[in-house]
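Residue-level structure breakdown
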Amino acid sequence: MIIANQFRVPAGCVAHLRRAFSSTSRTLSHDNPLGLPRSGTPPSFRSRRGLPEKRKIRDVKKVVAVSSAKGGVGKSTVAVNLALSFARRGIRTGILDTDIFGPSIPTLLNLSGEPRLDENNCLVPLTNYGLKSMSMGYLLPQTQADSETGEVPMDTTPISWRGLMVTKAMHQLLHSVSWGPLDVLVLDLPPGTGDVQLTINQEIIIDGSVIVTTPQDIALRDAVRGFGMFQRMEVPVLGMVRNMAYFACPNCGHQTRIFSHGEGHGSNCEDHGVVAECKRLGVDFLGDIPLDAQVCEDADRGMPTVVAEESVERSARRQAFLSVAEQVARKIGLEWK
Ligand SMILES: Nc1ncnc2c1ncn2[C@@H]1O[C@H](COP(=O)(O)OP(=O)(O)OP(=O)(O)O)[C@@H](O)[C@H]1O
Ligand SMILES: [Mg+2]
């Protein structure tokens, strides 16, 4: 197991901790036992003394973050298909997997192996389908193939890092990769609004974020929280994508809105849910991606749908990703040919 350095508490801090503890225990008898602030100004993330200034990633013109505070809604699937849509249109594109604890990009791009270091000691991205990529997954010890079957078993090594280690790893992924000239770098963000998101937002200039949600209320609530985070960080939100929006029957083509919540009620089905929330927040709705077994299968075999169905005429699922990509490209000033 990869374990963070052990942190020692400096002697001077003991008194401080004791004071903090006694003040917490005093609040235990009240209705806010943890003493957490419930109102007031949200923490400010910029311009505090000691925090790094936001800067651009070297050789990268634009940065787009694909995000959602909710896990498992398809951020990585959307991010990689978005990046591949750009790359296949001749836009010089990279994707940075910022999910330190559960990197997906190596699987999605069918890439593995340790990246080389260039003469400046920067990591050289691994490339597939014309898309450059970097991921924590490339930097972890690789599992060995079974000598008889030749199959590579899934890695059982958990990554258990504390905050400071995460921040350090993130810092290196952000600033020590030799991307070469890129028109756009897509960031695949992990779920949540925690350490990784804060570090990224503090350290680099993000030109826009794309928020992925599924139709369910439970996912949308978190997506809206993610929206709030970008707003506070002054990162433009380019729009929301509704993933797994409907299931299109492969036999008869009938569309079933399996996960819709509230969206099917009332006279106007867009009175509730993602589209309505976009209107309320003043954010563009970028479109629907269908829930489709092929999208999942393509992802699992490391050939995302945008590439897998490149020669399939009128592939609705591929077109869904391309349509989102085109809107994002135009919004950040990339030429969409
Ligand atoms: N539109 C879709 N149709 C079918 N399966 C999908 C679709 N979108 C995503 N999936 C599948 O859902 C699973 C989760 O997707 P993905 O890993 O992209 O989510 P995530 O939001 O990045 O998850 P995490 O929060 O863990 O990073 C994957 O198996 C993926 O192939
Ligand atoms: Mg992911």
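For the structure itself, look to the data block above.
Residues numbered from 1 in each chain as written. Chains lettered and ligands numbered in written order. Predicted model: local features only at pLDDT ≥ 70, side-chain atom pairs only at ≥ 80, totals over all residues.

1. What about the site of ligand 1?
Inclusion rule: Near, as applied to residues and a molecule or strand, means the residue's backbone-placed C-beta atom lies within 6 Å of it. Helix and strand assignments follow DSSP, with helices taken as H or I runs no shorter than four residues and strands as E runs no shorter than two, numbered in order from the N terminus. Asp, Glu, Lys and Arg are counted as charged, while Ala, Val, Leu, Ile, Met, Phe, Trp, Tyr, Cys and Pro are counted as nonpolar; the rest, among them Gly, fall into the polar class.
In the vicinity of ligand 1 lie 20 residues, with Gly71, Gly74, Ser76, Thr77 and Cys296 positioned nearest. Those elements giving two or more residues to the shell around ligand 1 turn out to be α2 (75–88) and α9 (293–300). Broken down by class, the residue content of the shell around ligand 1 amounts to nine nonpolar, eight polar and three charged.

2. Regarding the environment of Glu277
Let me state the cut-off plainly: With C-beta atoms placed from the backbone, a contact is any residue pair whose C-beta atoms sit within 7 Å.
Its place among the elements puts Glu277 in helix α8 (residues 273–281). In this structure Glu277 touches Leu220 and Val224, once residues within four positions along its chain are discounted.

3. A few points about the nonpolar core
The following threshold applies: To define a nonpolar core, we join buried Ala, Val, Leu, Ile, Met, Phe, Trp, Tyr and Cys residues through C-beta atoms within 7 Å and take the resulting set. Residues are called buried when their C-beta atom has 20 or more other C-beta atoms within 10 Å, exposed when it has 12 or fewer, and partly exposed otherwise; all C-beta atoms are positioned from the backbone.
Val66, Leu82, Ala83, Leu185, Val186 and Leu187 are the most contacted members of the largest nonpolar core, which has 82 residues in total. Top element by residues in this core is α2. It accounts for eight residues. Look past the residues within four positions of Leu82 in its chain and what remains in contact with it is Val66, Val186, Phe321, Val324, Ala325 and Val328.

4. Examining unusual backbone geometry
Its identity as a non-glycine residue notwithstanding, Asn121 has a phi of 65°, on the positive side. Secondary-structure assignment places Asn121 in the loop between α3 (105–108) and β4 (126–128). The class of Asn121 is exposed, set by 8 C-beta atoms lying within 10 Å. Of note in this structure, Tyr129 is not a glycine but carries a positive phi near 55°.

5. Quick word on the pairing of strand β8 (residues 208–213)
Short version of the rule: Two strands qualify as a pair provided that DSSP identifies no fewer than 2 bridges between them.
Where burial is concerned, most of β8 is hidden: five out of the six residues are buried. As defined by bridge partners, strand β2 (residues 60–67) adjoins β8 across four bridges and the pair is classed as parallel. Counterpart to Ala65 in the pairing with β8 is Ser209. Summarising the sheet, β8 and strand β9 (residues 237–242) pair through five bridges and their orientation is parallel. The residue of β9 that forms the bridge with Val212 is Val241.

6. Some thoughts on helix α6 (residues 195–203)
Among the residues of α6, Val196, Gln197, Thr199, Ile200 and Asn201 are the ones counted as buried. Where α6 is buried, its residues contact α5 (163–175), β7 (182–188) and α7 (217–232).

7. A word on the pairing of β9
Test applied: Here, the term right-handed applies to a crossover whose path from the first strand over the helix to the second runs clockwise when the strands point away from the viewer.
Taking burial as the measure, the six residues of β9 include five buried ones, the bulk of the element. In the classification by handedness, the crossover that spans β8, the intervening α7 and the parallel β9 is right-handed. Where β9 and strand β12 (residues 285–288) come together, three bridges link them in parallel fashion. Residue pairing in the sheet places Val241 in a bridge with Gly287 of β12.

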